[in-house]
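# Inside the fold
Residues per chain, in single letters:
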Amino acid sequence: MGAQKKRAAAAAAAARVSEDPDDLARQPLQAILLADSFTTKFRPITLERPKVLLPLVNVPMINYTLAWLEAAGVAEVFVFCCAHSKQVIDYLENSEWFSQPNFTVKTIESHNIISAGDALRLIYEQNVALVDIACLLKLVSLSRLKLATCYTLTICFLVVLSFKIHGDFVLISGDTVSNMSLTQALQEHKERKKKDNNAVMTMIIKKSKPSPITRQSRLGTDELFMAIDPNTKQLLYYEDKADHSKGTICLDKMLLAENPSISLHNDKQDCYIDICSPEVLSLFTDNFDYQHLRRHFVKGLLLDDIMGYKIFTHEIHSSYAARIDNYRSYDIVSKDIIQRWTYPYVPDVKFCGNRATKLERRGICFTAFNSEIEQSRSAQVGSFTVIGYGTKIGSNSKISDSVIGEGCTIGSNVLIEGSYIWDNVIIEDGCELRHVIVCDGVIMKAGAVLKPGVVLSFKVVIGERFVVPAYSKVSLLQQPTVHDSDEELEYADNSSGTVEFSSIQGTADQSNGEMTSESSEAHKPKLGTGGVGYIWSICEGGQEEEWRHSVAPIPEDKLTELSEAMDDDQELVTQDRTALSTSGELISDSNASEGDDNEDSKDDSVYFEKEVEATFLRAVEENVKVDHVILEVNSLRLSYNMTSADCAGAVFYSMMKLAIKTPHSSAIGLLTLYPSPFSMVASNAYPIYLSGELQQNTANIITTWQKLLKSYLLEIDEEIEIILKFEEMCLESAKEFSPLFARILHILYDKDILQEDAILRWADEKEGADESDKVFVRQSEKFIQWLREASEEED
Amino acid sequence: MDFQVVVLAGGTSKKLVPLVSKEVPKALLPVANRPVLSYVLEQLELSNIKDLIVVVEGADAALCVGGWISAAYVDRLHVEVATVPEDVGTAGALRAIAHHLTAKDVLVVSGDLVSDVPPGAVTAAHRRHDAVVTAMICSVPVSGLSEAGSSGAKDKTKKPGRYNIIGMDPTKQFLLHIATGAELEKDTRIRKSILRAVGQMDIRADLMDAHMYAFNRSVLQEVLDQKDKFQSLKQDVLPYLVRSQLKSEILINGAPQGQQAKENGNDKVSYRILANASTPSFHELYALGPNGSAPVRRTHKCCVYIASNSKYCVRLNSIQAFMDINRDVIGEANHLSGYNFSAQNNIIHPSAELGSKTTVGPHCMLGEGSQMGDKCSVKRSVIGRHCRIGSNVKVVNSVVMNHVTIGDGCSIQGSVICSNAQLQERVALKDCQVGLGYVVSAGCEYKGESLARKEK
């Protein structure tokens, strides 16, 4: 294995470099290229071929990324391969990339990696291990313990660990097309890093306003909300995967206290090109739950204020950068390439791995042709179209805004519009293709029609005159039965997908004929006569969402529908606001929009109350010790940021609720148990014996749990809170108590839960209240009077 | 100019007790020996606005203000003084005088604004975009003493207070978000819908609403009519208009639809001419239907005019602000005072008498007919008219109003002494306020207190 030896030598060299701190400035730039997007958006195609090898204007995507990295001055690229790693490595080994001067490409292979986070962790671990081995080597040589075994062991390790990150690196995925210059961004990053060691990452962003109607960018990605400090360009807030139900962005108050000026952006696009410091790798290791680069890592850093790591942004203006995240971005980026936004990575310029094509100017539009095309005279090839080598086009066929690969055969009277047809595709006469992707080796029998948004995976055969419905995906492979609706599962499923695939692929060649016959038998009606393949049922998000990421343009009616929905949305928001504002004003002359926040805190307290109630009920059921309940309620209190008065109120509330719920025993006449001379005769229609029972229940519960309640009654205010809470309950949620108000008040007094001061102060407070508010004061009048007299007597 | 101007002079603000009283309403508090209201009136006069309505809360206060205005501006301005009940709030005040308002637009200015920003600039910005409201925004004033004070004061100077959180579009012409009062203490919530429409929003915590607004009159009246709970322009009306700008509820159910539409049509043309802009604002883009068809949504525009940093713009709405403004008007912003400063950078009225070895430092003012004894020292302070100050008195960073008697050997630092107050011998005051006619007995020392006669 000559290559491996070479790697070992390179690693040793790298180790030497890293030990020399003076050399830091001149270190060659490195890049980590993730040759896997860890998503399933390109299925079913990605079941058979890795995403980075999918042709983009007839060139595998990874070539764009590598060519850009080379041009941007990166000296060493580590290509991290997971799914279909063998295909990627084979491709790279046969490509020119391994033989470039001043540009080394190394591959890292791992199969049990299911996310970008895992990949970076692996790189970090091997980095560290390498240093360890270097130390070990030194130690060995120092102690002159030349143990042969030890050496072989170390060398074995070195063979595996043939790479090392020793400075800032570019983190990019293999599906990125760009022509930006890294110099400035890199310079900024280095300067920031010098001043502030916590500036670990620079994100490249580009202006691109998402459509307010569909709420997604032109690349089909979700709209992105970012807050950036306009002076330092520090990223302060990042929200992709926007939660549409939430109509507001919530900026932490500390954020504004620290930065008097913040720019909030909805018009930027994340290019997924990051310049990272080596710390980023260790951060991934420290936080083993970071999976997704953006959703976990970026958000994690932004939220974590302990370590104080900072992320900065660099905006590019005139250059191009985009990542192919879904079918829509595939479509858009392809068009951008044809329209030469990505110059020099365009069809007519030779860069690594493609053959330059001849450009013909037709009017103001371009059409790229290759010399060896057999084109019938009557065929019309429209603007913005690229046609690969050895493709034959029959008479009267019309092709526009499309990319057609190499060695395709297109019959006559074929209509191709806005479609991507890869290599060796056979399209028979009279087919119609609009806004579709057709993979290698597909055969379309005469008269077949592909509706917009269709994706035909490798070697599918569409039967004669068969119409493939819009947005359907057709593959020779059956749809994996495990459906992942959950975000987390996406990764897991992905890995299983690859495993499953590899097993299929192993047998695919041998059993190809067998498989096709089998599938064609089973699914003949599905794809017309002679058709081969499965139409995948649309899952994940359902059909409604399919149009968002498809190659086809968004249909008109969808847009209208959405913009109407948007109106309703807005209406709801405003209605909400105005409704709230009135309530907000009643409290004071405070502003209207505060109502919104009030609502929030109200929500919080409602949740808190519910949680406490649940805790309490569980405690009663399971006979939990009072001390433990106190602990639990305390932790709830901390997490909801409540006062002890709130706790007291909530605990009391749950106790009273329990009293109501407790099945009434048959005991009657318990009234005498708490003979209260002060209570008025219950004027309510509620049966008196029931009240007695209820009172008994209440008394029991209060006796059992008085310790819990008391632990929150630190001051008189909390006691008053309890009375107020009780009053509120009697009026609203638990009217059963209303005739018993005075008696229960008395019980509470007897149990030393309420001091007389609290009761008297409550009565005083109510003095000035409305008549309707004073019902309960009236009811307990005698009791209060008695209390007053008693206290006077004491004096 | 089809603008009506309303000056909200307020009444006797509770925040400013004991400086204000029935005899001296807020509008008449002296800033460099001139009532604070005169600064607004003169700014308006400079913009050639001569017809105005001054709204005063409370009958007593109105009488005082009216009396002063008629005396001071008898030939210069045509001022109508309107009285509204106390505590109606700024929105309530406008509601009360609504029948006086007839012009297309109304400029509402707070009477306690000390500024050299021309009101004309605000009205121009308002007209340019045909906005429903244009608010003037200025930088947050740096409060506290610039010199060494107590350590607490130092911390304050380091961190300027926050009055508003303001969101604007990148061109800084439109107001997209405003948070005031208690909202500042909470996390800021920005509506996504408006962010989607505009793309980028600059949020600033270092700006504040200067309380000078240009309103579209019909909109203002409509809002005041419909939302009868709204009390304050700053806290209710403005946030409401800002909030609803993409889903306008006004204009639709106000004036007759047809007329409104016609008006709008005309406005559109005039807007295009005035704005001289080929690109429509985000409001118009947002209003358009899906394919750029006729507008389907109603929007209205809320604009801002940002006073440049070189301009002075502070509201006299707290005792600290009162001190700051007095200090600035005779100090850094002395062009506002309208006086000619001497070579020593101070103003000593010719009729003032100084004893021997008495020094009056720069950035000081000594009013007409005031007398000072020997060996006194005055630094960065304003002393009003006809004060009698004994010997060996030190006055630093303070404001002394009219007819104040200060005994020998007093030391006054960072304090306000209201008119007719009397300080007997050897009184030492630091960071105090002495109310109208209060007598501080000899030898007393106070620190950080508010001294005033008990209200009968």
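What you see is a predicted model, and the numbers here were worked out from it, not measured in a lab.

Each value, and the rule that gives it
- Residues numbered from 1 in each chain as written.
- Chains lettered and ligands numbered in written order.
- Predicted model: local features only at pLDDT ≥ 70, side-chain atom pairs only at ≥ 80, totals over all residues.
- Heavy atoms only, no water.
- Pairing = 2+ DSSP bridges.
- Helix = DSSP H or I, 4+ residues; strand = E, 2+ residues; numbered from the N terminus.
- Axes fitted to C-alpha atoms, helices over the stretch in contact; angles between N-to-C directions.
- Contact = heavy atoms within 4.5 Å.
- pLDDT = per-residue confidence, 0-100.
- Patch = residues over 30% accessible without salt bridge, like charges linked within 9 Å, V, L, I, M, F, W, Y side chains within 5 Å.
- Areas by Shrake-Rupley, 256 points an atom, 1.4 Å probe, with all protein chains shown as cover.
- Salt bridge = Lys/Arg side-chain N within 4 Å of Asp/Glu carboxyl O.
- Lys, Arg positive; Asp, Glu negative; His and termini not counted.
- Charge placed at Lys NZ, Arg CZ, Asp CG, Glu CD.
- Buried < 20%, exposed > 50% of the residue type's maximum accessible area, 1.4 Å probe, protein only.
- Parallel < 35°, antiparallel > 145°, perpendicular 65-115°, else oblique.
- Left-handed = near helix turned anticlockwise from the far one by under 90°.
- Nonpolar A, V, L, I, M, F, W, Y, C, P; charged D, E, K, R; others polar.

Residues and elements named next belong to chain B. Strand order across the open sheet formed by 7 strands is β5-β4-β1-β6-β13-β8-β14, with mixed pairing between neighbours. Where the open sheet ends on each side, the last strands, each with one partner, are β5 (78-84) and β14 (302-306). With strand direction ignored, the average angle separating the axes of adjacent strands in the sheet is 25°. Where strand β1 (residues 3-10) meets strand β4 (residues 51-57), 5 bridges bridge the pair, whose relative direction is parallel. Bridging from a neighbouring strand, Gly10 pairs with Val56 of β4. Packed on one face of the sheet, helix α2 (residues 59-72) meets β4 and β5 and runs near 145° to β4.

What follows is about the sheet that holds strand β30 (residues 443-444) of chain A. Residues and elements named next belong to chain A. Within the open sheet, the 6 strands sit side by side as β18-β21-β24-β27-β30-β33. Their pairing is parallel. The strands lining the two open edges of the sheet, one partner per strand, are β18 (374-375) and β33 (461-462). Sheet topology places β18 next to strand β21 (residues 392-393); 2 bridges connect them, and they run parallel. Across the sheet, residue Glu374 finds its bridge partner in β21, namely Lys392.

Residues and elements named next belong to chain A. In this model, chain A carries an average pLDDT of 73, and 72% of its residues clear a pLDDT of 70 or more. Segment residues 145-162 is flagged for pLDDT under 50; beyond a separation of four residues in sequence, or across chains, it makes 19 contacts in the model. pLDDT under 50 marks residues 571-599. Its contacts with residues more than four places away, or in other chains, come to 46 contacts.

Let us now look at the confidence of the model for chain B. Residue and element names in this part refer to chain B. Averaged over chain B, the pLDDT score is 80; the fraction of residues at 70 or greater is 84%. Ranking the elements of chain B by mean pLDDT puts helix α5 (residues 151-158) last with 38 and strand β26 (residues 405-406) first with 92. Every residue in residues 144-159 scores below 50 in pLDDT, and together they form 11 contacts with partners more than four places removed in sequence or on other chains. Across residues 252-278, where pLDDT falls below 50, the model places 22 contacts with residues more than four positions away in sequence or in other chains.

Let us look at a negative patch on the surface. Residues and elements named next belong to chain A. A cluster of acidic side chains, namely Glu556, Asp557, Glu561 and Glu564, defines a negative patch on the protein surface. Mapped onto the secondary structure, Glu561 falls in helix α14 (residues 556-587). With relative accessibility at 47%, the residue Glu561 sits in the partly exposed group.

All names here are of chain A. The geometry of helix α17 (residues 644-661) relative to helix α19 (residues 716-731) is characterised by a closest axis approach of 9 Å and an angle of 40° between their N-to-C directions. Here α17 is positioned oblique relative to α19, judged by the angle of their axes. Both α17 and α19 take part in a crossing whose hand is right-handed. Packed against α17, whose contacting residues are Ser644, Ala645, Ala648, Gly649, Phe652, Tyr653, Met656 and Lys657, the element α19 presents Glu718, Glu721, Ile722, Lys725, Phe726 and Met729 at the interface. In terms of residue class, the contact of α17 with α19 is built from 8 nonpolar, 2 polar and 4 charged.

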